Amino acid sequence: MDSIGWELLGRTEQPCMKENRWATNHCPRSPKRLTRSMAQSYRVLYDGQCEICQACVSWLKALDHQNKTICLPISADVLPTVDARLNLDECLRQLHVVTPEGEIHVGWDAVACLARLFPPTWLIGAVGQRFPFRNVGRWLYGFVAKNRYSLSKCRGGACRIAKPEAVRRQAKLEAFWSCYTLGFFIRLPLVLWAGIKAAVQRTNIFARTYNKRLDLLNGKLTILFLNGLLPNTVPLLFGELFTTVLYDGVAIDPGSPKMRRSVARHLLRVKPKIKKVVATHAHEEHVGNLNWLSEVTGAPIYVSEITARFLTPFKKLPWVRAAIIGQPPNLSQPYQLLGETVNAITGHLQVIPTPGHCDDHIVLYDPKEKVLLAGDAFMGSYFATPNPDVDSRKWLVSLERLMELDIEILVEGHGHIHTLRADIPDFPGVVIREDPKVAMSKKLDYLRWLREQIEAGFKEGLPVRVIEASCFPWGRRTSWESCATDECIRLLSLGHFSRTELVRSFVRRDGDQLPTVYEVRISGGE
Ligand SMILES: [Zn+2]
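Residues numbered from 1 in each chain as written. Predicted model: local features only at pLDDT ≥ 70, side-chain atom pairs only at ≥ 80, totals over all residues. Heavy atoms only, no water.

Trainee: For this particular structure, what's the right way to read the overall build of the protein chain?
Mentor: Scanning the protein chain for helices and strands turns up 25 helices and 18 strands. Counting the 526 residues in the protein chain, one finds 55% classified as buried. Taking the intrachain contacts of the protein chain between residues at least 6 apart in sequence as the baseline, contacts between residues at least 24 apart amount to 67%. About 23,700 Å² of surface is accessible on the protein chain, with carbon and sulfur atoms providing 59% of the total. (Helix = DSSP H or I, 4+ residues; strand = E, 2+ residues; numbered from the N terminus. Buried < 20%, exposed > 50% of the residue type's maximum accessible area, 1.4 Å probe, protein only. Contact = heavy atoms within 4.5 Å. Areas by Shrake-Rupley, 256 points an atom, 1.4 Å probe, with all protein chains shown as cover.)

Trainee: Whenever I open this one, the sheet that holds strand E16 (residues 409-412) confuses me. Can you help?
Mentor: Two orientations exist for strands paired in a sheet by backbone hydrogen bonds: parallel and antiparallel. One open sheet accounts for seven strands, arranged E12-E13-E14-E15-E16-E17-E18; its pairing is mixed. The strands lining the two open edges of the sheet, one partner per strand, are strand E12 (341-343) and strand E18 (431-432). Strand direction decides the pairing type here: strand E14 (residues 362-366) and strand E15 (residues 371-375), joined by three bridges, are antiparallel. Residue pairing for E15: Leu364 is matched across the bridge by Leu373. (Pairing = 2+ DSSP bridges.)

Trainee: Can you walk me through unusual backbone geometry in this structure?
Mentor: Note: most residues except glycine have negative phi, and most peptide bonds are trans. With an omega of 0°, the peptide bond between Phe131 and Pro132 qualifies as cis. Mapping Pro132 onto the fold places it in the loop between helix H8 (122-128) and helix H9 (133-152). Going from Thr312 to Pro313, the amide bond is cis rather than trans, its omega being -5°. Within the secondary structure layout, Pro313 lies in the loop between helix H17 (305-311) and helix H18 (319-324). One non-glycine residue, Asn67, lies in the positive phi region at around 55°. Assignment of secondary structure puts Asn67 in the loop between helix H4 (51-63) and strand E2 (69-73). Although it is not a glycine, Lys370 adopts a positive phi angle of roughly 60°. With respect to the element layout, Lys370 can be found in the loop between E14 and E15. On the basis of relative accessible area, Lys370 is assigned to the partly exposed category, the value being 26%.

Trainee: Quick question: what am I supposed to make of the packing of aromatic side chains here?
Mentor: Evaluated as defined, the whole model comprises four aromatic pairs. On the numbers, 5.4 Å between centres and 70° between planes, the contact of Phe184 with Phe185 is edge-to-face. Of the residues examined, Phe184 reaches a relative accessible area of 23% and is grouped as partly exposed. Note on Phe206 and Tyr210: the rings are 5.6 Å apart at their centroids and 65° apart in plane angle, and the pair reads as edge-to-face. Here Phe206 falls in the buried class, since its relative accessible area comes to 12%. Positioned over the ring face of Phe378 is Lys443, at 5.8 Å from the centre of the ring. The ring of Phe472 has Arg499 sitting right over it, with the charged end atom 3.9 Å from the ring centre. (Phe/Tyr/Trp six-rings, centres within 6.5 Å; stacked < 30°, edge-to-face > 60°. Lys NZ or Arg CZ within 6 Å of the ring centre and 35° of its normal.)

Trainee: What exactly am I supposed to notice about the packing of helix H19 (residues 392-402) against helix H20 (residues 436-459) here?
Mentor: Helix-helix packing is characterised by the crossing angle of the two axes and by the distance between the axes. H20 packs onto H19 with a crossing angle of 150° between their chain directions and a minimal axis gap of 10 Å. Of the possible angle classes, the one that applies to H19 and H20 is roughly antiparallel. Remark: the crossing between H19 and H20 carries left-handed chirality. For the pair H19 and H20, contact is made by Ser392, Arg393, Trp395, Leu396, Leu399, Glu400 and Leu402 and by Met440, Lys443, Leu444, Leu447, Arg448, Arg451 and Glu455, respectively. Residues belonging to the contact of H19 with H20 are distributed by class as follows: seven nonpolar, one polar and six charged. (Axes fitted to C-alpha atoms, helices over the stretch in contact; angles between N-to-C directions. Parallel < 35°, antiparallel > 145°, perpendicular 65-115°, else oblique. Left-handed = near helix turned anticlockwise from the far one by under 90°. Nonpolar A, V, L, I, M, F, W, Y, C, P; charged D, E, K, R; others polar.)

Trainee: How should I be thinking about the coordination of the zinc ion in this particular structure?
Mentor: Those donors, His281 (NE2), His283 (ND1), His357 (NE2) and Asp376 (OD), are the protein atoms that reach the zinc ion, and they lie 2.1 to 2.2 Å from it. In primary sequence terms, the donor set of the zinc ion follows H-x1-H-x73-H-x18-D. Here the residue His283 occupies a position in the loop between strand E9 (276-278) and helix H15 (284-287), and Asp376 occupies one in the loop between E15 and H19, the gap between them amounting to 93 residues. (Donors = N, O, S within 2.8 Å, 3.2 Å for Na, K, Ca; no water.)

Shown next as structure tokens:
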């Protein structure tokens, strides 16, 4: 248990994530990118082990919309590539900034130099370079720089100069938490601001999709956005839209009973040819209208064998989910079991089992059009608050299997379409211009990184709380950007969807029974 504080901070290294500028810039696997753009930028050398330094980098990233700076964690390999004059010990002691002109600013002067780059902080930078503010600034900077190790207790970067083994042995869990908490509070304004921005964005997308539909591929693919008084709280608070996908005569996931009126309104307007009703999995927002839609349209129901088992009878939902989404009725006869394909109007769809999000999950794939109707088998690259029946190890295997397909259009079950195809028009917030395979491989990388973090955490005998924190290092932008939303989801779902579930999702054993948080704690040694 001794070494954890330090070890965990050491493990906050980022995997290479494309949209995370910071990670890309210091990603050891992309040295070419690093040197090419370096000379024209302000290069900021910071102590990647220190929470205070990492938090300041987060602020820098939030201010730097035009990519004027590149932040580089100090290492013996990196320094010579930046400037031969840089010294490792000096750099660990104080902030160093190398300007595009090749000037080196140190300590407070480096802070003032950076502040002058951005309009909101320009004044601080300008004033900070004049007497007497310059002197005050230098004194204040010197104080923080000298005491940052005692402030954060982890003595982070000092380990590099002094004896790392000794410091590791001394560092205890309190050191980890003090660093983690400090990192959180320095970023708190950013966390709140990111939370507000995300909420505005969600409201905007909700308003633009309210009771709307999206007709694509000359009417072959239609997305019906579903609404309902209480279900509406989900897109507003969490950003997941409710949809039914109509594809070539197949209606997929017709919503919950509380969205039935919305579906009915769409049917009146569109009058679609529905030949089959299919469910991708047994979650309440996907299966509550199976029998109803089948009765209204005369189309037979198709579900997988496990889904059918989950739906007869449908287990009683936790009351929050029952109140907001609605308790689905049991699946009643007649219904058919899905085979390997589903015949649509103009072709056929392959049925591919994709356990992970839940055990019964299937996706539908049109090889002719290269369309993957993914249900909840994708859910964004960095989805961090899963439901309690997620099995992330199975999810990894399923995603690996899907990576073998040729996919040009990825349609998610909660209102996102990933595609680069020009025949899919722009629809901000819904259509994401990204190669589906790239999005999927990002998710795979993220899940693999999480698996590593969690396995290492359990091996070291860490408490679940610490493992959870180690999966969301503040140095990673997505950790604090989604923090407010994730915690809001945890609170409002009474813990049903949370970052803790993410840790649990990697320790599920085979079989239907889910481990409780309590069991995870036992296996985690807490
Ligand atoms: Zn689901």
